[in-house]
Amino acid sequence: AQSVTQLDSQVPVFEEAPVELRCNYSSSVSVYLFWYVQYPNQGLQLLLKYLSGSTLVKGINGFEAEFNKSQTSFHLRKPSVHISDTAEYFCAVILPRGGEYGNKLVFGAGTILRVKS
Amino acid sequence: NAGVTQTPKFRVLKTGQSMTLLCAQDMNHEYMYWYRQDPGMGLRLIHYSVGEGTTAKGEVPDGYNVSRLKKQNFLLGLESAAPSQTSVYFCASSDGLAGTQYFGPGTRLLVL
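Since we're looking at a predicted model, the values are computed, not measured.

Draft legend 1. Looking closely at the overall build of chain A. Scanning chain A from N- to C-terminus turns up zero helices and twelve strands. Helices (α) and strands (β) of chain A occur, in sequence order from the N terminus, as β-β-β-β-β-β-β-β-β-β-β-β. Overall, the C-alpha framework of chain A stretches about 45 × 30 × 20 Å when taken along its three principal axes. Per-residue burial for chain A yields a buried fraction of 46% across its 117 residues. Here the analysis covers contacts within chain A between residues at least 6 apart in sequence; of these, 57% occur between residues at least 24 apart. Accessible area of chain A: about 5,500 Å², with a carbon and sulfur share of 48%.

Below, the structure is given as structure tokens:
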């Protein structure tokens, strides 16, 4: 079964600094990759997704992520963060070709981004 | 357009009690999902449905049942609640496998 590892449980950063949230997945076959954001006391919303094509994906709120097949990574970046980016970020994977957990999102444990002024 | 709504927002149960969580979506999506969120574990899929009248087990289905009698509704039932089911429950819907999943606001459940 595929799994998703988010390497940092918390990332503190000062406002206007760049940030990278790391995500690695384990799968030997093609996957679809997603980043979701959860603001306090809310549900999740999609930031961006990679299905195929260009490995650099741009999302909402100035975030982008790069798919690296050889390193099985999908790290999320933002060049300059704002206080309002404080939230929990989840990386997720779908294995589109079936298997035990095929066709279903598998989430990482989440990374809490804390932006300080 | 309300998107995905969940009822109730918060509930306290005693061990052994039963309850049903209701999820409704107005986007005409075929796929619907129930997740539970626990600290440090991300979201885990409980059950899902790929269309009206169909349901399937996810990663952590034990102790839960679901029904999808109408396309827009997906019900999650706990027949005999246990303290281990204390969690935040999220419903989501999507229009396909690679489609964006739209999440409801969540239901906080405390089982004493």
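Draft legend 2. How the structure looks around the overall build of chain B. Of regular secondary structure, chain B possesses zero helices and eleven strands. For chain B, the α and β elements follow one another from N to C terminus as β-β-β-β-β-β-β-β-β-β-β. Taken against the 2.2 N^0.38 rule, which gives 13 Å for 112 residues, the C-alpha radius of gyration of chain B at 13 Å falls within 12% of a compact globule. When its C-alpha atoms are laid out on the principal axes, chain B stretches across 35 × 30 × 25 Å. Here chain B, with 112 residues, has 52% of them falling under the buried criterion. The long-range share in chain B, meaning contacts at least 24 apart out of those at least 6 apart in sequence, stands at 54%. The averaged location of the 8 negative side-chain charges in chain B is 8 Å from the averaged location of its 10 positive side-chain charges.

Draft legend 3. Looking closely at the nonpolar core. Residue and element names in this part refer to chain A. By size, the foremost hydrophobic cluster in this structure holds 30 residues, and its most contacted members are Leu33, Trp35, Leu47, Leu48, Phe74, Leu76 and Tyr89. For this core, the element with the highest residue contribution is strand β10 (residues 87-94), accounting for four residues. Not counting residues up to four positions away in its chain, the partners in contact with Leu76 are Val19, Glu20, Leu21, Trp35, Leu47, Leu48, Phe63, Glu64, Ala65 and Tyr89.

Draft legend 4. Representation of the sheet that holds strand β7 (residues 65-67) of chain B within the structure. Residues and elements named next belong to chain B. Sheet architecture is open: four strands sit in the order β1-β3-β8-β7, paired in antiparallel fashion. For this open sheet the edge positions go to β1 (4-7) and β7, each flanked by a neighbour on one side alone. In this sheet, adjacent strand axes meet at a mean angle of 20° when their direction is disregarded. As paired strands, β7 and strand β8 (residues 73-78) are joined by three bridges and run antiparallel to one another. What sits directly across from Ser67, in β8, is Leu75.

Draft legend 5. Quick peek at the layout of surface pockets. Each pocket or cavity is described by its volume, and for the largest pocket that value is around 590 Å³. Only β10 and β12 (111-116) of chain A together with β9 (87-94) and β11 (107-111) of chain B provide two or more residues apiece to the lining of the largest pocket. Here the lining of the largest pocket is built from residues that sort into eleven nonpolar, 14 polar and six charged.

Draft legend 6. Representation of the side chain of Ser73 of chain A within the structure. Structurally, Ser73 of chain A can be placed in strand β9 (residues 73-78). Excluding anything up to four places from it in sequence, Ser73 of chain A contacts Cys23, Asn24, Tyr25, Glu66, Phe67 and Asn68 of chain A.

Draft legend 7. A look at the pairing of strand β5 (residues 43-49) of chain B. All names here are of chain B. With seven of seven residues buried, β5 lies mostly within the body of the structure. Pairing of strand β4 (residues 31-37) with β5 involves six bridges; the strand directions are antiparallel. Each bridged residue has a counterpart across the sheet, and for Trp34 the counterpart in β5 is His47. Counted between consecutive antiparallel strands, the loop separating β4 from β5 contains five residues, among which Gly40 sits at a positive phi close to 75°. For β5 and strand β6 (residues 56-57), the ladder comprises two bridges, and the chain directions are antiparallel. Bridge pairing in β6 places Tyr48 opposite Ala56. Between β5 and β6, which pair antiparallel one after the other, the connecting turn spans six residues, and Gly53 there sits at a positive phi close to 85°.

Reading guide: rules and limits
- Residues numbered from 1 in each chain as written.
- Chains lettered and ligands numbered in written order.
- Predicted model: local features only at pLDDT ≥ 70, side-chain atom pairs only at ≥ 80, totals over all residues.
- Heavy atoms only, no water.
- Helix = DSSP H or I, 4+ residues; strand = E, 2+ residues; numbered from the N terminus.
- Buried < 20%, exposed > 50% of the residue type's maximum accessible area, 1.4 Å probe, protein only.
- Contact = heavy atoms within 4.5 Å.
- Areas by Shrake-Rupley, 256 points an atom, 1.4 Å probe, with all protein chains shown as cover.
- Rg over C-alpha atoms; globule rule 2.2 N^0.38 Å.
- Lys, Arg positive; Asp, Glu negative; His and termini not counted.
- Charge placed at Lys NZ, Arg CZ, Asp CG, Glu CD.
- Core = buried A, V, L, I, M, F, W, Y, C linked by side-chain atoms within 4.5 Å.
- Pairing = 2+ DSSP bridges.
- Axes fitted to C-alpha atoms, helices over the stretch in contact; angles between N-to-C directions.
- 1 Å grid on protein atoms, 1.4 Å probe; cavity = no way out; pocket = protein on both sides within 12 Å on 5 of 7 lines; lining within 4 Å.
- Points joined across faces, edges and corners; volume = space filled by probe spheres on them.
- Nonpolar A, V, L, I, M, F, W, Y, C, P; charged D, E, K, R; others polar.

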